Amino acid sequence: MTVLPDEGISPAAPFPEAGRAQWRQLVAGVLRKSGRELPDAEAEAALTTVLDGGVTVRPLYTAQDTAPDPGLPGFPPYVRGSALLGGWDVRARLDFADPAAANAAVLDDLENGATSLWLAVRGPALPPGGLARALDGVLLDLAPVVLDAGPDTASAARELIGLYEARGVDPAAVRGCLGADPLGHAARTGEAAAPDDAVALATRVHRCYPGVRALAVDALPYHEAGASEVQELGAALATGVAYLRLLTGAGLDVEAALGQLEFRFAATADQFLTTAKLRAARRLWARVARACGAPAAAGQRQHAVTSRVMATRRDPYVNLLRTTLAAFAAGTGGADAVTVLPFDTAIGAPDAFARRIARNTSAILLEEAHLGRVADPAGGSWYVESLTAELARAGWEFFQELEAAGGQERALASGLLGERIAATWAARRRRLATRREPVTGVSEFPDLAERPVERAPAPAPPSGGLPRVRRDEAYEALRARSDAHLAATGARPKVFLAALGPAAAHTARASFAANILQAGGVEPVHDPVSVDAGTAAAAFAASGAQAACLCSTDALYAEQGPAVVAALRAAGAHRIYLAGRPDTLPGLDGYVFAGCDAVAALTLVLDRAGVAA
């Protein structure tokens, strides 16, 4: 046994307190090592991030960062959740055109962890008349049903209510949502909103089915068009207020009208932003209910759905990680129901394995991680509370902008909302192109040798209104060009990596160049490991490439670069790039570096290689 000398310090003594000034000093020291000379007072500001919508995220939060009182779980303003305890309804999404196939999936879901059903009943999906077959064997008093029927909402709702009556289900035991969302349908299709059916449904279920909600305030059309969290909040709030006006104008009192709405939000892998968004949404809706004179009915019913925007078609198994983070964030944010979309949703119709894993994601979080045993797990975090307050502030401002434009319907019809969302997506698309926002398996760490996951086509979603975007779309277009070239010629476009000097000198930039090239479907050829002016020509000729990329340190570029460039040109290199940005090196056609527009650079590489667009 080693006995430490007694230095007069008790093992139980507290650590010395570290103040903000000391933290700033340390941060300034780290920034100084990276070449950024900043006074201590400016070091913290240098690490501040401004999100879309004007929300500011700082690098450090302390007890001095105050936020409005979030209240208690289950009580106004419901920031900490509309229920006293945690946990959520595991809601399975079903997109099946064949009623028999839908029924098999429904029973499988309910027997293996799902607690409610979200059925697509529209267009090329399940016809309203197929609901009875799809729900055969389902105990409708135990399994809530939520409809997504678009223009077929009225007929689908009649079929579902007819099933309740035909099977003798106690009206007081029925739960679910009929999914009427005329403004959401207008956003997806560009058609004018037709609210009459929604009013009729709300009046009927209020009178006969007290546990059923008639209207869905679906924010997914805005999220899937590229909206920020702030815009998603504002659009949902404006839609909810429009529906309150509609229902109270038809004779329902405010409390009854509030009870007819269910809100739907996207959950992304940005867990803190998702958690804070759901908390902020409840605060904002409580503010609306209070202004309407019904604070006791302000609890917002929330359905969170893992984002389609974040789902990728390449390396789709990474989507398992994204949806797990999103489900965790939705749970900690207090969502009442969570739908984890299968990892292969972006490719086509999910298979049974993908659906099982989607269900089990919630099961693990609830049963093994015990996330449902804690109410508002994120509550009290200085960061989360401050972010919740910031999102609520910015979301309310965007809501006021929509209201000033005449409300949600006019903001949609005039194009104002679409323009605001398009501007947000354009800025985000720039971050994706420059890889400031990386997409694992797509723009970062792509695998050209991966076996593609193939699925049967899924029913086509509604179209004609706001666009649908994906984070991977620009890189997916490049990879599709490369795949078509491979199928036509038997080879992918190639770029020879002319690495100069020892591995210690070129490995970092060679790895960087290989990574960025593969993101566009371009095969990097790094053989031999290192070249010089005497060996570069033969190595390039043997590579089968038409272009080359120099990879090394700035010092070696200056020392060997001109001669190597000349040798590559003599060997037939049509284009020569360089990894990095040295001050001067003649004879180059372009650069790839951290923060460059990778999509533009890769598009040019494919164009110059003769790869068809």
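Model, not experiment: these values are computed from the prediction.

Thresholds applied
Residues numbered from 1 in each chain as written. Predicted model: local features only at pLDDT ≥ 70, side-chain atom pairs only at ≥ 80, totals over all residues. Heavy atoms only, no water. Helix = DSSP H or I, 4+ residues; strand = E, 2+ residues; numbered from the N terminus. Rg over C-alpha atoms; globule rule 2.2 N^0.38 Å. Buried < 20%, exposed > 50% of the residue type's maximum accessible area, 1.4 Å probe, protein only. Contact = heavy atoms within 4.5 Å. Areas by Shrake-Rupley, 256 points an atom, 1.4 Å probe, with all protein chains shown as cover. Lys, Arg positive; Asp, Glu negative; His and termini not counted. Charge placed at Lys NZ, Arg CZ, Asp CG, Glu CD. Core = buried A, V, L, I, M, F, W, Y, C linked by side-chain atoms within 4.5 Å. Arc of directions from axis to C-beta. Expected span 1.5 Å × (residues − 1). Bend = angle between axes of the 7 residues up to and from the residue.

Asker: I'd like a description of the overall build of the chain, backed by residues and values.
Answerer: Counting secondary structure elements, the chain contains 21 helices and 15 strands. Relative to a compact globule of 613 residues, whose C-alpha radius of gyration would be 25 Å, the chain shows 28 Å and is just as compact. Dimensions along the principal axes, computed over C-alpha positions, put the chain at roughly 85 × 75 × 60 Å. Counting over 613 residues, the chain shows a buried share of 50%. Look at the contacts in the chain between residues 6 or more apart in sequence, and 75% of them connect residues 24 or more apart. Carbon together with sulfur atoms contributes 56% to the accessible area of the chain, which is approximately 26500 Å² in total. Between the centroid of the 58 positive side chains of the chain and the centroid of its 67 negative side chains there is a distance of 2 Å.

Asker: Which residues make up the environment of A13, and what values do they have?
Answerer: Mapped onto the fold, A13 is located in the segment before helix 1 (20-33). Spatially, the C-alpha atom of A13 lies 49 Å from that of F593, the residues being 580 residues apart in sequence.

Asker: A description of the nonpolar core should follow, citing residues and the corresponding values.
Answerer: Judged by nonpolar contacts, the single largest core of 106 residues is most densely connected at L131, L135 and Y222. In this view, L131 contacts L119, V121, L126, L147, A156, E159, L160 and L163; residues no more than four positions away in its chain are not counted. Listed in part, the 52 residues of the second largest apolar core include W425, A433, A539 and L602.

Asker: Tell me about helix 19 (residues 536-543), and name the residues and values.
Answerer: All of the buried residues in helix 19 are A536, A539, F540 and S543. An end-on view of helix 19 places all buried positions within 100° of arc, on one side of the element. Along helix 19, exposed side chains directed more than 90 degrees from the buried face belong to A538, A541 and A542. G544 occupies a position one or two residues after helix 19 and carries a positive phi of about 80°.

Asker: Run through helix 20 (residues 554-570), naming residues and quoting values.
Answerer: Side chains that are three or four residues apart share a direction in an α-helix, a result of its 3.6 residues per turn. A rise of 1.5 Å per residue sets the reference length of helix 20, with its 17 residues, at 24 Å; its end C-alpha atoms lie 23 Å apart and thus fit the reference within 8%. Within helix 20, the axis deviates most sharply at Q560, by approximately 60°, and proline P562 lies no more than four positions further along. Along helix 20, the residues classified as buried are L556, Y557, G561, V564, V565, A567 and L568. Where helix 20 is buried, its residues touch strand 11 (494-499), helix 18 (503-519), helix 19, strand 13 (547-551) and strand 14 (575-579). Phi turns positive, to about 105°, at G572, one or two residues after helix 20.

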